[in-house]
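Inside the fold
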Amino acid sequence: MFDSCGGVFIDNSHHLRLRIYYEDTDAGGVVYYANYLKFAERARTEMFHHLGDAYVQMIEYGGLALAVRRCVIDYLAPARLNDIIAVTSRVTELGGARIGMQQAIRRDDTRLAEVSILLACINRAGKVSRIPKTIRDALLPLLSF
């Protein structure tokens, strides 16, 4: 069901599986709290790459980027060394220059963390910019509430 790199879309959500490595953990073998944000970032990046060339073109040729404007994370249970976790990403808001997302990090049926994130599209000068139509068109079918 998952491809070898980048995850898969199921029911308007992107799903990415990751293994917990030694480098992700503290001395007790528990995932260090900041690494959950890295897992969420990796999943969002893979989701955008799955949308096709529009994402790469937006960054490389359009001079635009998606910057985190707000992030809230709830830690619910620990992940540990060698666990296989899944990060599910859903688009919940699509504005002219912003994208709202919900991300859930799980191990099997255990919820480990939940992330609420707001991304802003910015140009090279750091100013807010409209999300390119190609990206909006690709995200619109994924929008869920």
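This write-up is about the structure you can find in this document. Bear in mind that the values here come from a model prediction, so they are computed numbers and not experimental data.

About the criteria used
Residues numbered from 1 in each chain as written. Predicted model: local features only at pLDDT ≥ 70, side-chain atom pairs only at ≥ 80, totals over all residues. Heavy atoms only, no water. Helix = DSSP H or I, 4+ residues; strand = E, 2+ residues; numbered from the N terminus. Rg over C-alpha atoms; globule rule 2.2 N^0.38 Å. Phe/Tyr/Trp six-rings, centres within 6.5 Å; stacked < 30°, edge-to-face > 60°. Buried < 20%, exposed > 50% of the residue type's maximum accessible area, 1.4 Å probe, protein only. Patch = residues over 30% accessible without salt bridge, like charges linked within 9 Å, V, L, I, M, F, W, Y side chains within 5 Å. Areas by Shrake-Rupley, 256 points an atom, 1.4 Å probe, with all protein chains shown as cover. Salt bridge = Lys/Arg side-chain N within 4 Å of Asp/Glu carboxyl O. Contact = heavy atoms within 4.5 Å.

Observations regarding the overall build of the chain
Counting its regular elements, the chain contains three helices and six strands. In sequence order, the secondary structure elements of the chain are arranged as β-β-α-α-β-β-β-β-α. Relative to the globule expectation of 15 Å for 145 residues, the C-alpha radius of gyration of the chain, 16 Å, shows essentially globular dimensions. The principal-axis extent of the C-alpha atoms belonging to the chain is close to 45 × 35 × 25 Å.

Quick notes on the packing of aromatic side chains
Taken as a whole and judged by the stated rule, the model has five aromatic pairs. Here the aromatic rings of Tyr36 and Tyr75 are separated by 5.6 Å at their centres, their planes lie at 70 degrees, and the arrangement is edge-to-face. With Tyr36 in helix H1 (residues 35-50) and Tyr75 in strand S3 (residues 65-75), this residue pair connects regions lying 39 residues apart in the sequence. Look at Tyr75 and you get partly exposed, because its relative accessible area is 39%. Centre to centre, the rings of Phe48 and Tyr55 are 5.3 Å apart; their planes meet at 15 degrees, and the pair counts as stacked. What makes Tyr55 buried here is its relative accessible area of 12%. Chaining the aromatic ring pairs together yields one cluster made of Tyr32, Tyr33, Tyr36, Phe39 and Tyr75.

Section: unusual backbone geometry
A positive phi angle, near 50 degrees, is found at Asp11, a position not held by glycine. Looking at where Asp11 falls in the secondary structure, it is placed in the loop between strand S1 (8-10) and strand S2 (13-19).

Let's talk about a nonpolar patch on the surface
Among the surface-exposed residues, Tyr32, Tyr33, Leu37 and Tyr75 lie close enough to one another that they form a single nonpolar patch of about 410 Å² accessible area. With respect to the helices and strands, the residue Tyr33 is situated in the loop between S2 and H1.

Thoughts on the side chain of Arg44
Inspection of the secondary structure assignment puts Arg44 in helix H1. Arg44 sits in the buried class, given a relative accessible area of 4%. For Arg44, the residues in contact, after removing those within four places along its chain, are Val68, Ser89, Met101, Gln103, Ile117 and Leu119.

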